[in-house]
Protein chains: 2
Amino acid sequence: MIRSANPLAQEPRYELIARVLRENIAAGILPEGFVLLEGPIATVMQTSRVPVQAALRQLLEERLISRFDGRGYLVGRVTAGTVPIRRDIRELDLLIPPMVDDALQTRGTWRHVYDEVEEEVASCQIFGEFRIVETELAEHLGVSRTVVRDVLARLQERGLIRKSAASHWIAGPLTARTVSDKFELRGIVEPAALRLAAPHIRYAEVEDLLERIETDPAITPQEMADALMEHCIAQAPNTALVEMIRSNRLLLSAVDRALIRLGLPPDEDTIEQYQTLLDLISRHPIDSACEYLRDHLSITARRYLARMKIVAVIPEAGAFAPYLSPQ
Amino acid sequence: MIRSANPLAQEPRYELIARVLRENIAAGILPEGFVLLEGPIATVMQTSRVPVQAALRQLLEERLISRFDGRGYLVGRVTAGTVPIRRDIRELDLLIPPMVDDALQTRGTWRHVYDEVEEEVASCQIFGEFRIVETELAEHLGVSRTVVRDVLARLQERGLIRKSAASHWIAGPLTARTVSDKFELRGIVEPAALRLAAPHIRYAEVEDLLERIETDPAITPQEMADALMEHCIAQAPNTALVEMIRSNRLLLSAVDRALIRLGLPPDEDTIEQYQTLLDLISRHPIDSACEYLRDHLSITARRYLARMKIVAVIPEAGAFAPYLSPQ
DNA sequence: ACCTATGTTATACGAAGTACAGTTTATGCG
DNA sequence: CGCATAAACTGTACTTCGTATAACATAGGT
């Protein structure tokens, strides 16, 4: 029983490809008589030809397609009057469900379960120290210990879990120290990145964001933070720097999401701060934006710590993933 | 055939413990008639009692120790006249070879092979793109694919290798862009860390370093860089920051060592720069040191790139590890 | 279509840590 | 000195992790 966000992730590629073709035939996007060729399909699906072959064989068995006197397969049954339609399949704009597309992109089970585990592991840490047992997690995810160990190794490398003296996996506790260290680091690198990014920011997008703040009252600080990261900071032409910023924010934003889920209302005036910041970025010398970002981060840090303290004393923290046992 | 720097690393703990006890009995540090108790030995060796038990059983089989009417084991053979010596083993100052001590500290084969692989993988990257095949590396190291995959996963997390579209492991190439990105990042975070570290630096050690520069003509820039990192920058009371700096330097210093091995002479005047820097740190306002560090890093970056270019064209780069195949 | 490499599973076993019950040793006290 | 009691130690069962190994499906390349 895999709890991945994407249940399609475990299915073999040929299944996914067969599914896509099936749906496109049903929807009439692939018309009767269309000539299906392995190579072009493989290109469209961004995969190799082997799974396409398998998918086609399967569809043939289902009688959705048929062989004919020539290379490839024809959509539908061949009758005397069928005229093969030979066109580039890319022109047809196949309907590829995003879930399937996502599942086709990444290879590796561990990638599909990783995000979920990361989220749960990160967000439990406000409530103290938790232990993770490999076999339990494996059972929970419905995968083998190999995959679990892969996930755990990466969580360890990314600083979300560690090993106890007894070599057991331990998550947390998230101390005020950890959080303020991470915010301090943000205060150092994010303004610097913003400065480097300045020449590469697409300012039209920033204006759109400002527009959205004005018009959309439901916009959340998390969305703003993500948008700021993607449109401004991540535009810095320094991969090492941007990657580092991302990984440093990982734990913080997971915990933030956990706090929201627990019902802590986000600050109203944070939105205003983002508004000011975006305004500075798009209409003023970048230095002022950098300085403001630094201040904003130190304010955010204080609020973040305050919110953590409130939640930490909630007795009914309750809903941890079953593989997380409090120590 | 494991190529680890420390061949003792593969042996089980009880072997190591038995070895230590054996040597200490032979050396007479553990006198005839001394009462060996599991618990205290476990404490001294920083382990649990189980491997100590195993070690004692082994020594008993070798007749180096014997049981007697009471708890524990006696060193040597029991005769009528033997009087049990009951003393705290910690007072005896057991002889524990550093190699054994090191091997006792870390658990896990992958840790023992990791450093070697990291060094080789990092340093080959000046010469372009290399491929690593899991089974070949496994054979080379004399370990299973499990361990190799663990090592590779961590190398990937640390940004030293990646996967190709075909899901093969690829190291490198180390581009000028990568290097200057990393140096740019250093220029942002290292001065900041130095500033945070200032109140925590043990200035006596800095003075010692300055002294060594004066007196020891054989001192290398690498040693200076490491010393600066450990004594000054790493003293910053922000774990996240220091860890980040460490991981960012990893590739750069591995490549640097590779360049030295290839016979590129290190700069003479770099030493002078470190001298100035340490002088600023210990005797002047920290801001001046931070500024100087920033300048120093940008100079170092330029030189580093120049040295890379020289080496990259050496035809006989030659001596890569056998599991690294150029693409 | 064959060859090679990776991703994953399943299984097995050794090594090491923990918990607990039961025994021995040390210590304090009369 | 003898005894009671606390503290220390051992034996053992149980748990978890580290590694090895074989096997197979999937995928990419030629």
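If you're wondering where the values come from, they're calculated on a predicted model, not measured in any experiment.

Participant: Explain the overall build of chain A to me, please; I cannot follow it from the model alone.
Facilitator: Across its full length, chain A holds 13 helices and 7 strands. For chain A, the C-alpha radius of gyration of 25 Å lies well beyond 20 Å, the compact-globule estimate for 327 residues. Each principal axis of the C-alpha atoms in chain A carries an extent, and together these give about 75 × 55 × 35 Å. Buried positions account for 46% of the 327 residues belonging to chain A. Accessible surface for chain A amounts to roughly 16000 Å². Of this, 52% is attributable to carbon and sulfur atoms. Taken together, the 38 basic and 47 acidic charged side chains of chain A have centroids lying 7 Å from each other.

Participant: I keep staring at the interface of chain A and chain B and nothing clicks. Help me out?
Facilitator: Accessible area lost when the parts come together is the quantity often used to give the size of an interface. Facing the 27 residues of chain A at the interface are 26 residues of chain B. Among the residues chain A hides against chain B, the three largest losses belong to R154(A), E157(A) and I188(A). Together they make up 25% of the total. The interface formed by chain A and chain B includes 6 salt bridges. Across the pair E157(A) and R154(B) runs a salt bridge whose closest N-O atoms are separated by 3.0 Å. Here chain A and chain B share 14 residue pairs in polar contact (both at pLDDT 80 or more) between them.

Participant: Mind showing me how you'd approach the domain arrangement of chain A here?
Facilitator: All names here are of chain A. Parsing chain A into structural domains produces domain 1 (7–105), domain 2 (109–174 + 316–326) and domain 3 (176–312). For domain 2 and domain 3, the distance between their C-alpha centroids amounts to 27 Å. With 10 residues of domain 2 at the interface, the matching set in domain 3 holds 15 residues. Summed over both sides, the interface of domain 2 with domain 3 buries roughly 1200 Å², with 72% coming from carbon and sulfur. Put simply, domain 2 and domain 3 have 2 salt bridges between them. One salt bridge connects E119 with R257, and the closest N-O pair in it is separated by 2.6 Å.

Participant: Where do I start with the protein's contact with DNA strand D in this structure?
Facilitator: Every one of the 36 residues lining DNA strand D counts as a neighbour, but R13(A), S48(A), K163(A), T109(B) and S144(B) are closest to it. For DNA strand D, the backbone portion of the atoms within 4 Å of the protein, that is sugar and phosphate, comes to 65%. Between a phosphate oxygen of DNA strand D and a side-chain N or O atom of S167(A), the distance comes to 3.0 Å. Within the residue set of the surface near DNA strand D, elements represented by two or more residues are α1 (13–26), α3 (49–61), β4 (130–132) and α7 (145–157) of chain A together with α2 (38–45), α3 (49–61), α5 (109–124) and α7 (145–157) of chain B.

Participant: What exactly am I supposed to notice about the packing of α5(B) against helix α11 (residues 239–261) of chain B here?
Facilitator: Angle between the axes and distance between the axes are the two parameters that describe a pair of packed helices. Residues and elements named next belong to chain B. The interhelical angle for the contact between α5 and α11, taken along N-to-C directions, is 75°, at an axis separation of 8 Å. Taken together, the axes of α5 and α11 lie roughly perpendicular to each other. Contacts between α5 and α11 involve E118, E119, A122 and S123 on the former and, on the latter, L250, L251, A254, V255, R257, A258 and R261.

Participant: How should I be thinking about the sheet that holds strand β1 (residues 35–36) of chain A in this particular structure?
Facilitator: Sheet strands line up and pair through hydrogen bonds in the backbone, either parallel or antiparallel. All names here are of chain A. What the 3 strands build is an open sheet, ordered β1-β3-β2; its pairing is antiparallel. Only two strands of the sheet have a single partner each, and these edge strands are β1 and β2 (65–67). Here β1 runs beside strand β3 (residues 73–75); their pairing, made up of 2 bridges, is antiparallel. Bridging across to β3, V35 finds its partner in L74.

Participant: Can you walk me through the sheet that holds strand β5 (residues 161–163) of chain A in this structure?
Facilitator: Residue and element names in this part refer to chain A. Spatially, 4 strands are ordered β5-β6-β4-β7 in an open sheet, and the strand pairing comes out antiparallel. Among the strands making up the open sheet, the edge pair consists of β5 and β7 (324–326). Shown here is a sheet whose adjacent strand axes are inclined to one another by a mean of 35°, direction ignored. As judged from the 3 bridges shared by β4 and strand β6 (residues 169–171), these two strands associate in the antiparallel manner. In the strand pairing of β6, R131 is matched with I170. Together, β4, β5, β6 and β7 form the strand contacts of helix α5 (residues 109–124), whose direction differs from that of β7 by roughly 10°.

Participant: Sorry if this is basic, but what is going on with the side chain of Q125(B) here?
Facilitator: All names here are of chain B. Structurally, Q125 is set in the loop between α5 and β4 (130–132). Accessibility expressed as a relative area gives 4% for Q125, which makes it buried. A polar atom in the side chain of Q125 sits 3.4 Å from the backbone oxygen of V121.

Participant: Please explain empty space enclosed by the protein as it appears in this structure.
Facilitator: The gaps left among the atoms become clear once a water-sized probe is rolled over them. Residues and elements named next belong to chain A. Per the counting criterion, the structure on display carries 1 cavity of 30 Å³ or more. Approximately 40 Å³ is the volume attributed to the largest cavity. Lining the largest cavity we find R186, E190, A225, L228, R249, Y274, L293, H296 and L297. Listed by contribution, the elements that provide at least two residues to the lining of the largest cavity are α8 (176–197), α10 (221–232) and α13 (286–312). At 3 residues, the largest contribution of residues to the lining of the largest cavity is made by α13. Split by residue class, the lining of the largest cavity holds 5 nonpolar, 1 polar and 3 charged.

Participant: What is the right way to look at the protein's contact with DNA strand C in this model?
Facilitator: As a structural note, the neighbourhood of DNA strand C is formed by 32 residues, with T109(A), S144(A), T146(A), R71(B) and K163(B) the closest of them. A distance of 2.9 Å separates a phosphate oxygen of DNA strand C from a polar atom in the side chain of T47(B). Side-chain polar atom of R86(B) to a phosphate oxygen of DNA strand C: 3.4 Å apart, as the coordinates give it. Residues that form the surface near DNA strand C fall into these classes: 11 nonpolar, 9 polar and 12 charged.

Participant: What am I meant to see in the relation of the copies chain A and chain B here?
Facilitator: One chain copy maps onto the other through a rotation about an axis and a shift parallel to that axis. Least-squares fitting of chain A to chain B yields an RMSD of 0.4 Å, with the transformation described by 0.0 Å of translation along the axis and a rotation of 179°. On the angle and the small slide along the axis, the relation comes out as a two-fold axis. Residue by residue, 96% of the interface of chain A is reproduced at the interface of chain B, so both copies engage with the same surface.

Participant: Help me understand the state of the cysteines, please; the structure alone is not making it clear to me.
Facilitator: Disulfide: a covalent bond formed between the sulfur atoms of two cysteine residues. Residue and element names in this part refer to chain B. Using the criterion set out here, one finds 0 disulfides over all chains in the structure. Cysteine C232 shares no disulfide, and the gap to the nearest cysteine sulfur, in C290, comes to 11 Å. Since its relative accessible area comes to 0%, C232 is described here as buried.

Participant: Looking at this structure, how should I read unusual backbone geometry?
Facilitator: With glycine set apart, most residues show a phi of negative sign, and most peptide bonds adopt trans. Phi at Q46(B) is positive, roughly 55°, even though this residue is not glycine. Along the chain, Q46(B) falls in the loop between α2 and α3.

Participant: Explain helix α2 (residues 38–45) of chain A to me, please; I cannot follow it from the model alone.
Facilitator: Three or four residues apart is the spacing at which side chains of an α-helix point the same way, because the helix has 3.6 residues per turn. Residue and element names in this part refer to chain A. Along α2, the residues that are buried comprise I41, A42 and M45. One side of α2 carries all its buried residues, which in axial view fall inside an arc of 100°. After α2 finishes, the residue Q46 shows a positive phi value of roughly 55°.

Cut-offs applied
- Every chain's residues receive numbers from 1 upward, in the order its sequence appears when written.
- Lettering for chains starts from A, numbering for ligands starts from 1, and both go in the order in which the items are written.
- Local features are withheld for residues below a pLDDT of 70 in this predicted model, meaning they are given only at 70 or higher, and side-chain atom pairs are given and counted only at 80 or more; totals for whole chains, interfaces and linings count all residues.
- For side-chain calculations, the full set of non-hydrogen atoms in the structure is used, while hydrogens and water are omitted.
- Strands here mean DSSP runs of E at least two residues long; helices mean DSSP runs of H or I at least four residues long; both are numbered from the N terminus.
- A radius of gyration in this sense is built from C-alpha atoms; the matching globule rule multiplies 2.2 Å by the number of residues raised to 0.38.
- Whether a residue is buried, partly exposed or exposed follows from its accessible area with a 1.4 Å probe, protein chains only, as a fraction of its type maximum: under 20%, in between, or over 50%, in that order.
- Here the Shrake-Rupley method, with its probe set to 1.4 Å, supplies the accessible areas, and only the displayed protein chains count as covering residues.
- His residues and chain termini do not enter the charge count, which takes Lys and Arg as positive and Asp and Glu as negative.
- Where a charge lies is defined by one atom per residue type: Lys uses NZ, Arg uses CZ, Asp uses CG and Glu uses CD.
- Here a residue-residue contact requires only that any non-hydrogen atoms of the pair lie within 4.5 Å.
- Buried area is understood as the total, over both parts, of accessible area removed when two parts are fitted together, assessed with a 1.4 Å probe.
- When a carboxyl oxygen of Asp or Glu lies within 4 Å of a side-chain nitrogen of Lys or Arg, that pair is called a salt bridge.
- Polar contact is the term for a pair of N or O atoms within 3.5 Å; when the atoms are in protein, one must be able to donate a hydrogen and the other to accept it, and sequence-neighboring residues count only if both atoms are side-chain atoms.
- Where each domain starts and ends comes from a domain assignment, either automatic or drawn from a database.
- A molecule or strand has a residue near it when one of that residue's heavy atoms lies within 4 Å.
- Comment: axis = line fitted to C-alpha atoms, over the contacting stretch for helices; angle = value between 0 and 180 degrees taken between N-to-C directions.
- In what follows, roughly perpendicular refers to angles from 65 to 115 degrees, roughly parallel to angles under 35, roughly antiparallel to angles over 145, and oblique to any angle outside these ranges.
- If DSSP finds at least two bridges between two strands, the strands pair.
- The way it works is a 1 Å grid over only the protein atoms, where trapped points that fit a 1.4 Å probe form a cavity and open points with protein on both sides within 12 Å along at least five of seven lines form a pocket, and then any residue with an atom within 4 Å of a point lines it.
- Grid points are joined across faces, edges and corners, and a volume is the space filled by probe spheres set on the points.
- Residue polarity is assigned by list, with Asp, Glu, Lys and Arg as charged and Ala, Val, Leu, Ile, Met, Phe, Trp, Tyr, Cys and Pro as nonpolar; anything else, Gly included, falls into the polar class.
- A least-squares fit on C-alpha atoms brings the copies together, and the residues used are those whose pLDDT is at least 70 in both copies.
- Here, a disulfide means two cysteine sulfur atoms that sit within 2.5 Å of each other.
- The directions considered for the arc are those from the helix axis to the C-beta atoms.

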